[in-house]
Amino acid sequence: MGAGREASISLDGVRDKNVMQLKKLNTALFPVRYNDKYYADALASGDFTKLAYYNDICVGSIACRLEKKGFKHVSMARVITLLNHVLDLCTKQNISEIYLHVQTNNEDAINFYKKFGFEITDTIQNYYTNISPPDCYVLTKFVSQPQAKK
């Protein structure tokens, strides 16, 4: 970047008219293909699924879904702003735990999430189909909740 220029990252929710951008990103970035239910869940998740734009160009995404236990991160964010957004939402909504899946040989993703306080808590054998290795780690982070004021 040139001197005096600041990165302009903006976030936008996933809607019917931009869900194709999420599909194109996932196809370009990930070795797995997500089904229509994945995209329907993304549309229904509200603030927990976002697209990241850099100078009006879609450069990343994050998609989460609410589960009984908490949130499951189903796609690695390419922009740190996206992960911070979800962690902030978890804090605001008193969600104490977030977890995600990462292919066992994806050292870059594992190291990325460890920088944010995630820890490997489990290994799932044969989680992925049509890619090798098929196993994934479950990485978990316990989200700090603000202390109640007295």
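What counts and how
Residues numbered from 1 in each chain as written. Predicted model: local features only at pLDDT ≥ 70, side-chain atom pairs only at ≥ 80, totals over all residues. Heavy atoms only, no water. Core = buried A, V, L, I, M, F, W, Y, C linked by side-chain atoms within 4.5 Å. Buried < 20%, exposed > 50% of the residue type's maximum accessible area, 1.4 Å probe, protein only. Helix = DSSP H or I, 4+ residues; strand = E, 2+ residues; numbered from the N terminus. Salt bridge = Lys/Arg side-chain N within 4 Å of Asp/Glu carboxyl O.

Where do I start with the nonpolar core in this structure?
Most often, soluble globular proteins have nonpolar side chains that are buried together. Core analysis: the largest hydrophobic core is formed by 22 residues, its most contacted members being Leu 83, Val 86, Ile 98, Val 102, Tyr 113 and Phe 118. With six residues, the single largest contributor to this core is helix α3 (residues 80–92). Within the second largest apolar cluster, 11 residues are counted, among which are Val 19, Leu 22, Ala 42 and Ala 63.

What should I look at first to understand the pattern of salt bridges in this one?
Pairs may arise between side chains of opposite charge once their charged atoms sit close together. What the rule picks out here adds up to three salt bridges. Close ionic contact of Asp 12 with Arg 15 constitutes a salt bridge, the shortest N to O distance being 2.9 Å. Of the residues examined, Asp 12 reaches a relative accessible area of 26% and is grouped as partly exposed. Taking the shortest distance from any N to any O, the salt bridge between Asp 47 and Lys 50 comes out at 3.5 Å. Take Asp 47: its relative accessible area is 43%, and that puts it in the partly exposed class.

The quantities given are spatial measurements derived from coordinates; they are silent on function.
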